[in-house]
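Residue-level listing of the chains:
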Amino acid sequence: QVHVVESGGGLVQAGGSLRLACAASGGTSSTFAMGWFRQAPGKEREFVAAIRWSGGVTYYADFVKGRFTISRDNAKNILYLQMNNSKPEDTAVYYCAAGVRYGSNWSRSYGYDYWGQGTQVTVSS
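What you see is a predicted model; the values in this text were computed from it and never measured.

## Here we look at the overall build of the protein chain
The secondary structure content of the protein chain amounts to 0 helices and 11 strands. Reading the helices (α) and strands (β) of the protein chain from amino to carboxyl end gives β-β-β-β-β-β-β-β-β-β-β. Over its C-alpha trace the protein chain gives a radius of gyration of 13 Å, about what one expects of a compact globule, namely 14 Å for 125 residues. Judged by the C-alpha coordinates and their principal axes, the protein chain covers about 40 × 25 × 25 Å. Within the protein chain, the proportion of its 125 residues that are buried is 43%.

Written out as structure tokens, the structure reads:
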């Protein structure tokens, strides 16, 4: 079992930057990928970015390409999401997730097995 805890959320002005972190513990050696999802009020949870834990291949939703960067520190088992040029529509609760099933669809929430509690990001205009 993998336990993940997000941190780094907060309030940022439009155009500003924020870095989210997700600390993973437990059965991290079985993790194939980790991802970030977000959910705004009244909307469904949506994919933001993902990274394969071994090899570092990354995947991004079109609406964050060029603005957000996902990365990981394998030695510390920490996942990051660097958010640059933030927009008010980026306001949401951001969730970290870990997937342990090989070949899962990393851009879909059903591809992940363990989830954090989320961290609120608010971008003011």
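## Focus on the sheet that holds strand 8 (residues 78-83)
Across the sheet, which stays open at both edges, the 4 strands sit in the order 1-3-8-7 with antiparallel pairing between neighbours. Where the open sheet ends on each side, the last strands, each with one partner, are strand 1 (2-7) and strand 7 (68-73). Taking each pair of neighbouring strands and ignoring which way they run, the sheet shows an average axis angle of 15°. As judged from the 6 bridges shared by strand 7 and strand 8, these two strands associate in the antiparallel manner. Residue pairing for strand 8: I70 is matched across the bridge by L81.

## Description of unusual backbone geometry
Even without being a glycine, N77 presents a positive backbone phi close to 55°. Tracing the backbone shows N77 in the loop between strand 7 and strand 8. Phi angles above zero are rare outside glycine, and N85 is one such case at about 50°. Mapping N85 onto the fold places it in the loop between strand 8 and strand 9 (92-99).

## Here's the deal with the confidence of the model for the protein chain
With 100% of its residues at a pLDDT of at least 70, the protein chain reaches an overall mean of 94. Here strand 3 (residues 18-26) stands out as the element of the protein chain with the lowest mean pLDDT, 95, in contrast to strand 11 (residues 119-124), whose mean of 98 is the highest.

## Description of the pattern of salt bridges
If the charged atoms of two oppositely charged side chains come close together, the side chains can form a pair. Following the criterion strictly, the structure yields 5 salt bridges and no others. Ionic contacts of the salt-bridge type, sharing partners, join the residues R38, E46, R67 and D90 into one network.

Definitions and limits used
- Residues numbered from 1 in each chain as written.
- Predicted model: local features only at pLDDT ≥ 70, side-chain atom pairs only at ≥ 80, totals over all residues.
- Heavy atoms only, no water.
- Helix = DSSP H or I, 4+ residues; strand = E, 2+ residues; numbered from the N terminus.
- Rg over C-alpha atoms; globule rule 2.2 N^0.38 Å.
- Buried < 20%, exposed > 50% of the residue type's maximum accessible area, 1.4 Å probe, protein only.
- Pairing = 2+ DSSP bridges.
- Axes fitted to C-alpha atoms, helices over the stretch in contact; angles between N-to-C directions.
- pLDDT = per-residue confidence, 0-100.
- Salt bridge = Lys/Arg side-chain N within 4 Å of Asp/Glu carboxyl O.

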